[in-house]
Amino acid sequence: MSETVKNARAVDRVLRAMDTSDGAGVSLRRSIGTPQLDMLDPFLMLDSLSTDNPDEYIAGFPEHPHRGFETVTYMVEGAMRHKDSMGNEGVLRSGGGQWMTAGSGIVHSETPEQENGLLQGFQLWINLPAKDKMIDPRYQNMEPDELPEIAPAEGAQLRLLAGSMHGATGPINGISTDPVFVDAKLDAGAEVTVPLPEGHTAVVYVFVGDAVVGGKDVPTHHLAILKDGDGVTLKGGADGGRMLVIAARPIHEQVVRYGPFVMSSKQELMQAFDDYQRGTFVRKAAS
Ligand code: MN
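Residues numbered from 1 in each chain as written. Predicted model: local features only at pLDDT ≥ 70, side-chain atom pairs only at ≥ 80, totals over all residues. Heavy atoms only, no water.

A. How the structure looks around helix 1 (residues 266-278). Over its 13 residues, helix 1 runs 18 Å from end to end, which matches the ideal 18 Å to within 8%, given 1.5 Å per residue. The complete set of buried residues in helix 1 reads Leu269, Ala272 and Asp275. The arc enclosing the buried residues of helix 1, seen along the axis, measures out at 125°, which places them on a common side. Turned more than 90 degrees away from the buried face of helix 1, the exposed residues are Lys266, Gln267, Met270, Gln277 and Arg278. Of the surrounding secondary structure, the elements contacted by the buried residues of helix 1 are strand 23 (256-258) and strand 24 (261-263). Just downstream of helix 1, Gly279 is the residue with a positive phi angle, here 80°. (Helix = DSSP H or I, 4+ residues; strand = E, 2+ residues; numbered from the N terminus. Expected span 1.5 Å × (residues − 1). Buried < 20%, exposed > 50% of the residue type's maximum accessible area, 1.4 Å probe, protein only. Arc of directions from axis to C-beta. Contact = heavy atoms within 4.5 Å.)

B. A look at the pattern of salt bridges. Per the counting criterion, the structure on display carries 17 salt bridges. Note that Arg159 and Glu149 form a salt bridge whose closest N and O atoms lie 2.9 Å from each other. One end of the pair, Arg159, is in strand 14 (residues 156-162); the other, Glu149, is in strand 13 (residues 149-153), and 10 residues separate them in sequence. Put simply, Asp275 and Arg283 hold a salt bridge, and the shortest N to O gap is 2.7 Å. A residue is classified by how much of its surface remains accessible, and Asp275, at 4% relative accessible area, is buried. Three or more residues are tied together by salt bridges with common partners; here these are Asp22, Arg30 and Asp47. (Salt bridge = Lys/Arg side-chain N within 4 Å of Asp/Glu carboxyl O.)

C. Looking closely at the sheet that holds strand 11 (residues 119-127). Taking strand neighbours across the sheet as the criterion, the seven strands line up as 2-3-4-11-6-9-12 in an open arrangement whose pairing is antiparallel. Two strands in the sheet have a free side with no partner beyond their single neighbour: strand 2 (18-22) and strand 12 (138-142). Adjacent strand axes in the sheet meet at a mean angle of 20° when their direction is disregarded. Two strands pair when backbone bridges link them, and strand 3 (residues 26-32) and strand 4 (residues 43-51) are joined in this way by three bridges, in the antiparallel orientation. Looking at strand 4, one finds that Ile32 is bridged to Leu46. (Pairing = 2+ DSSP bridges. Axes fitted to C-alpha atoms, helices over the stretch in contact; angles between N-to-C directions.)

D. Summary view of unusual backbone geometry. Cis geometry is adopted by the peptide bond preceding Pro42, which originates at Asp41 and carries an omega value of 5°. Structurally, the position occupied by Pro42 is in the loop between strand 3 and strand 4. A positive phi angle, near 50°, is found at Asp178, a position not held by glycine. Turning to its location among the elements, Asp178 is positioned in the loop between strand 16 (168-169) and strand 17 (180-186). Look at Asp178 and you get partly exposed, because its relative accessible area is 37%.

E. Seen up close, the nonpolar core. With 29 residues, the main nonpolar core has Tyr74, Trp99, Leu124, Phe181, Leu223 and Ile246 as its most contacted residues. Those elements that provide at least two residues to this core are strand 4, strand 6 (69-77), strand 11, strand 14, strand 19 (201-213), strand 21 (222-226) and strand 22 (231-248). With residues near it in sequence (within four places) discarded, Phe181 still touches Val72, Tyr74, Trp99, Leu124, Arg159, Leu160, Leu161, Ala162, Leu244, Val245 and Ile246. (Core = buried A, V, L, I, M, F, W, Y, C linked by side-chain atoms within 4.5 Å.)

F. Representation of the sheet that holds strand 5 (residues 61-66). Pairing within the open sheet is antiparallel, and its four strands lie in the order 5-10-7-8. Both outer strands of the open sheet, strand 5 and strand 8 (89-92), are each paired with one neighbouring strand and no more. Averaged over neighbouring strand pairs, the angle between their axes works out to 25° when direction is ignored. With six bridges joining them, strand 7 (residues 79-84) and strand 10 (residues 106-113) adopt antiparallel strand pairing. Paired with Asp84 across the two strands is His108, which belongs to strand 10.

Shown next as structure tokens:
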């Protein structure tokens, strides 16, 4: 079974993720939100956490705020404990995750927890349009067994967080930028087509092995930025490959950001700092 794609996307460029650290000394690889790629509208940041050394992540991300955008956390291996200032607490388990629409504001901490010492996870930041920046915060939690797993071709396995394809639909809904978020695992030489809305910004991040993306070789921990089109073909490299395919509608608005505040004017940014200092930052509990 294959989706009908008439105008397959080619690769615009391939970038190697940059080694960096954030939070309380968590080692990670950042591919969006770096000096070489400040943002890729509407994506603000893409981090990959990937290590078998607990010292590189165990201190986690102590209490910090977010306003004006969304954070998507997807855990491939290992868990992430999440606790917000309104008392919500939970653990994102291996194969699960959380789509957090920070909107008007959330203050939380995130702490990776080891499972057999392995940690492989992602955090993606997606901007919100100006009109939605101050909406009420919302959590969409994804338990591992809630994500549809499909095998549209021999040796190709897709897990869907967001978007519809090959007769399946990911659980994430009601997001401004109409996202697609797929975890694709391909055996060596296995080929699959992932349909993507035309006009959406789209990337493929390879995190295990390597892959041929839109006809171009993409090694481990590299990001392929795609040209426009209605889908992308993926093929597993010599030892197979595993990758995230992420797409969302660009917003085309001014972005004024500083750390965890992503607003659309300097005044809104000042307001966020002011609210945080005064303790009036969190306006409504997340649902
Ligand atoms: Mn956070």
